[in-house]
Amino acid sequence: MHFSDSTKYDLLTRVIHWVSVLMITSVFFSGLYMVDLDYYSPWYQTIPQWHQLMGISLMLLWLYKLFRLKKITALSALKTHNIIERRLALIVKCLFYVLLFTITISGYLFTTSSESHAVILFDLFQLPQLFTFSSQNIDIMGLIHKYLSYFFMVLALIHALAAIKHHFIDKDNTLKRML
């Protein structure tokens, strides 16, 4: 990967970042909302399908983003960033990828691993069932999906607060690079 002293990320990187923010927020809050739906709710079938479709789309977007890392020129760290901030930023970035893929895979397995019914999204396509698990293991995958999602959102909040800190306290271009 090459490094650049450019003042902004390229347009595609910025679009992927902000589309990801919208999708992650939507998929998180739809997940919170749908667990309280009862069978008679008009949203009982629709919200889970949107949640699953958006989760799969998000994973595909991040796979593209991951493969794109090899081809793009990364921005050099700002001189105002100390070594601890640089390392923390790298750790958080890696955690975002690991968490997103773990959350998506656990959600996929949680959704498709029951023998009770096929998962068909909007009458368009069926999610293939790769494995069948016991109800206890399905519950564990559901808990992994849930708690890692909470952890992801806490990490995203810290990430956003760090960008705001850089903008208002450090008065550097960290946030402006992504706008």
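What you see is a predicted model, and the numbers here were worked out from it, not measured in a lab.

Draft legend 1. Representation of the side chain of Thr174. Looking at the secondary structure, you find Thr174 in the segment after helix H4 (135-168). A polar atom in the side chain of Thr174 sits 2.7 Å from the side chain of His81. With near-sequence residues (within four places) excluded, Thr174 lies in contact with Leu78, His81 and His166.

Draft legend 2. A look at the nonpolar core. Ile24, Leu58, Trp62, Phe96, Leu100 and Phe152 are the most contacted members of the largest nonpolar core, which has 20 residues in total. Those elements that provide at least two residues to this core are helix H1 (11-34), helix H2 (46-68), helix H3 (83-112) and H4. Top element by residues in this core is H3. It accounts for seven residues. Sequence-distant contacts of Leu100, defined by excluding residues within four places in its chain, comprise Ile24, Leu58, Met59, Trp62 and Phe152.

Draft legend 3. Inspection of H1 at higher detail. For H1, spanning 24 residues, the distance from its first C-alpha to its last is 34 Å, which sits close to the expected 34 Å at 1.5 Å a residue. For H1, the full list of buried residues reads Thr13, Arg14, Ile16, His17, Ser20, Met23, Ile24, Val27, Phe28, Ser30 and Gly31. For H1, the secondary structure elements touched by its buried residues are H2, H3 and H4. Of the residues that open H1, the one with a side-chain oxygen 3.3 Å from the backbone nitrogen of Leu12 is Asp10.

Draft legend 4. Highlighting the packing of aromatic side chains. Considering all chains together, one arrives at eleven aromatic pairs under this definition. Seen in terms of ring centroids, Tyr39 and Tyr40 are 5.5 Å apart; in terms of plane orientation they differ by 85 degrees. Their pairing is edge-to-face. For the residue pair Tyr39 and Tyr40, the accessibility class agrees, reading exposed in each case. Taken together, the aromatic side chains of Trp62, Phe96, Tyr97, Phe101 and Phe152 make up a single cluster linked through ring pairs. Directly above the aromatic system of Trp62 lies the positively charged group of Lys65, at a separation of 4.1 Å from the ring centroid.

Draft legend 5. Molecular detail of unusual backbone geometry. Its identity as a non-glycine residue notwithstanding, Phe122 has a phi of 50 degrees, on the positive side. Relative to the assigned elements, Phe122 resides in the loop between strand E3 (119-121) and strand E4 (125-127).

Draft legend 6. How the structure looks around the environment of Tyr108. By secondary structure assignment, the location of Tyr108 is in helix H3. Each C-alpha atom of the pair Tyr108 and Met141 lies 9.3 Å from the other, and the pair is 33 residues apart in sequence. The residues touching Tyr108, leaving out its near neighbours within four places in the chain, are Leu127, Pro128 and Leu130. At 2.4 Å, the side chain of Tyr108 and the backbone oxygen of Pro128 are in polar contact.

Draft legend 7. Just a nonpolar patch on the surface, in detail. A contiguous nonpolar patch, built from Leu11, Leu12, Val15, Val19 and Tyr64 and spanning about 430 Å² of accessible area, is present on the exposed surface. For Tyr64, a relative accessible area of 43% corresponds to the partly exposed category.

Draft legend 8. Spotlight on the pattern of salt bridges. This structure, assessed with the given rule, holds three salt bridges. Between Asp170 and Lys165 there is a salt bridge, and its shortest N-O distance comes to 2.6 Å. On the basis of relative accessibility, which here comes to 28%, the residue Asp170 falls in the partly exposed class.

Draft legend 9. Structural context of H3. Here H3 contains 30 residues, and its C-alpha end-to-end distance of 44 Å stays within 8% of the 44 Å for a straight helix at 1.5 Å per residue. By the N-cap criterion, in which a side-chain oxygen at the helix start approaches the backbone nitrogen of a residue two or three places on, H3 is capped by Asn82, the distance to Ile84 being 3.0 Å.

Rules of the game
- Residues numbered from 1 in each chain as written.
- Predicted model: local features only at pLDDT ≥ 70, side-chain atom pairs only at ≥ 80, totals over all residues.
- Heavy atoms only, no water.
- Helix = DSSP H or I, 4+ residues; strand = E, 2+ residues; numbered from the N terminus.
- Polar contact = N/O pair within 3.5 Å; in protein donor to acceptor, adjacent residues only side chain to side chain.
- Contact = heavy atoms within 4.5 Å.
- Core = buried A, V, L, I, M, F, W, Y, C linked by side-chain atoms within 4.5 Å.
- Buried < 20%, exposed > 50% of the residue type's maximum accessible area, 1.4 Å probe, protein only.
- Expected span 1.5 Å × (residues − 1).
- Phe/Tyr/Trp six-rings, centres within 6.5 Å; stacked < 30°, edge-to-face > 60°.
- Lys NZ or Arg CZ within 6 Å of the ring centre and 35° of its normal.
- Patch = residues over 30% accessible without salt bridge, like charges linked within 9 Å, V, L, I, M, F, W, Y side chains within 5 Å.
- Areas by Shrake-Rupley, 256 points an atom, 1.4 Å probe, with all protein chains shown as cover.
- Salt bridge = Lys/Arg side-chain N within 4 Å of Asp/Glu carboxyl O.

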